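# Per-entry structural report
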Amino acid sequence: MSQYETRMTLPEWVMTHSNFARGLDDVRSGRPFDAEIHDGWEYERGRLFGAIAPRNMRLLTRAKNLNPKALKLYIAARHRGLIL
Amino acid sequence: MRNRRDLALISAELQTALKNETVNVIAIGSLLNEAQAQLEHGEWLPWLKENFGSSVKTAENYMAAARLADKFETVSNLKLRPTALYLLGRELDDPNSWFDCQALEAIFAAAKTEWISGDRAREIAWSLLPPPEPVNLEITVEEGDDETADEALLLMEEDNDVRDVLDGPPPEVPPPVVKTVHDMFDQAVLTLTQLQTKSLTSFVATTHTPDSIRAVSVFLKQVADAIGVPRKKV
């Protein structure tokens, strides 16, 4: 079986994917892992981020931009290997 | 061979049952909101335990749905699944929510023609967001410096706020909610209650045997008889 083709991605793309927000929301709401989600990488990353980030840390600002603090934390967590 | 009912008829009844579910969620939430407003501090949870049966979280979802319906009267006429009502109700309560009028309008417009779940509502709202712009993290790499962008990102780990979070305790998140047999039973009874008003002919094509249905009715009777009877000490 051949390796699935990989592609470059940016933290901004990961964090603005709707599944990332859903994973984060699910963890913060106590919902169990949803194995039915397609394109589940971002969902899993969102769940992992929810297990790290303070609960009051918003993903988006009121102006609907990515929260720079959340992005900073995500990148640092990724470099520590806490989020793949 | 058992008679098969027309799919169009099944579909029509399904639409009615789903619509009733939405209306019931809002009605239950409205009653809970009304009750909570009359109760003093400390009385709410015991009252809920005695009168509601399901979890506090479930009650909060119903109540959020009712507040949404209070604010937008057309909600009960739309094809919004309970999960969408809960999500939108919670977002409505959140002063920092990014679900704005534009997102709500798009979700409500879609719910005129298709059933919208919580996930679908979130997808619609996200689809309206502008593409992400590069975020200024105030990190500069001097020209000629060998530091790669990755190394620059590593420097951010030294940021005090980030380090405090990563080295500190994890956030308190609620344990995963497990659907209890209590919740499943309540849902099943609710569904049967809604179906009671239908003609018996609607159900004769069921795939369940008469014996299995009679066994369920015996079980329901036993549960009904057990309610209010003090538990025996083990």
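In short, a report on the structure. (Residues numbered from 1 in each chain as written. Chains lettered and ligands numbered in written order. Predicted model: local features only at pLDDT ≥ 70, side-chain atom pairs only at ≥ 80, totals over all residues. Heavy atoms only, no water.)

### Overview of the packing of helix H1 (residues 7-38) of chain B against helix H3 (residues 56-71) of chain B
All names here are of chain B. Two elements in contact, H1 and H3, have axes separated by 7 Å at closest approach and are oriented at 100 degrees. Looking at the two axes, H1 sits roughly perpendicular to H3. For the pair formed by H1 and H3, the contact residues are Val-25, Ile-26, Ile-28, Gly-29, Ser-30, Leu-32, Asn-33 and Gln-36 on the first element and Ala-59, Tyr-62, Met-63, Ala-65, Ala-66, Arg-67 and Ala-69 on the second. (Axes fitted to C-alpha atoms, helices over the stretch in contact; angles between N-to-C directions. Helix = DSSP H or I, 4+ residues; strand = E, 2+ residues; numbered from the N terminus. Parallel < 35°, antiparallel > 145°, perpendicular 65-115°, else oblique. Contact = heavy atoms within 4.5 Å.)

### A few points about the pattern of salt bridges
The tally for this structure, following the rule as stated, stands at 17 salt bridges over all chains. Asp167(B) serves as the salt-bridge partner of Arg80(A), at 2.7 Å between the closest nitrogen and oxygen. With one member in each of two chains, Arg80(A) in the segment after helix H4 (68-79) and Asp167(B) in helix H8 (residues 160-167) form a pair that bridges those chains. The class of Asp167(B) is exposed, set by a relative accessible area of 52%. As a salt-bridge pair, Arg5(B) and Glu13(B) come within 3.3 Å of each other at their nearest N and O atoms. We classify Glu13(B) as partly exposed; its relative accessible area is 22%. Within this structure, Arg22(A), Asp25(A), Asp26(A), Arg31(A), Asp34(A), Arg90(B), Asp119(B) and Arg122(B) form a network of salt bridges that share partners. (Salt bridge = Lys/Arg side-chain N within 4 Å of Asp/Glu carboxyl O. Buried < 20%, exposed > 50% of the residue type's maximum accessible area, 1.4 Å probe, protein only.)

### Regarding the interface of chain B and chain A
At the junction of the two partners, chain B supplies 39 residues and chain A supplies 38 residues. When chain B packs against chain A, close to 3,400 Å² is buried across both sides, 62% of that on carbon and sulfur atoms. Summed over the shared surface of chain B and chain A, the number is four salt bridges. Note that Asp25(A) is salt-bridged to Arg90(B), the shortest N-O span being 3.7 Å. Our count for the chain B to chain A interface comes out at four residue pairs in polar contact (both at pLDDT 80 or more). Elements with a contribution of two residues or more to the side of chain B that touches chain A: helix H4 (82-93), helix H6 (118-127), helix H7 (149-155) and H8 of chain B. A total of five residues in the side of chain B that touches chain A trace back to one element, the largest contributor, which is H8(B). (Buried area = accessible area lost by both parts, 1.4 Å probe. Polar contact = N/O pair within 3.5 Å; in protein donor to acceptor, adjacent residues only side chain to side chain.)

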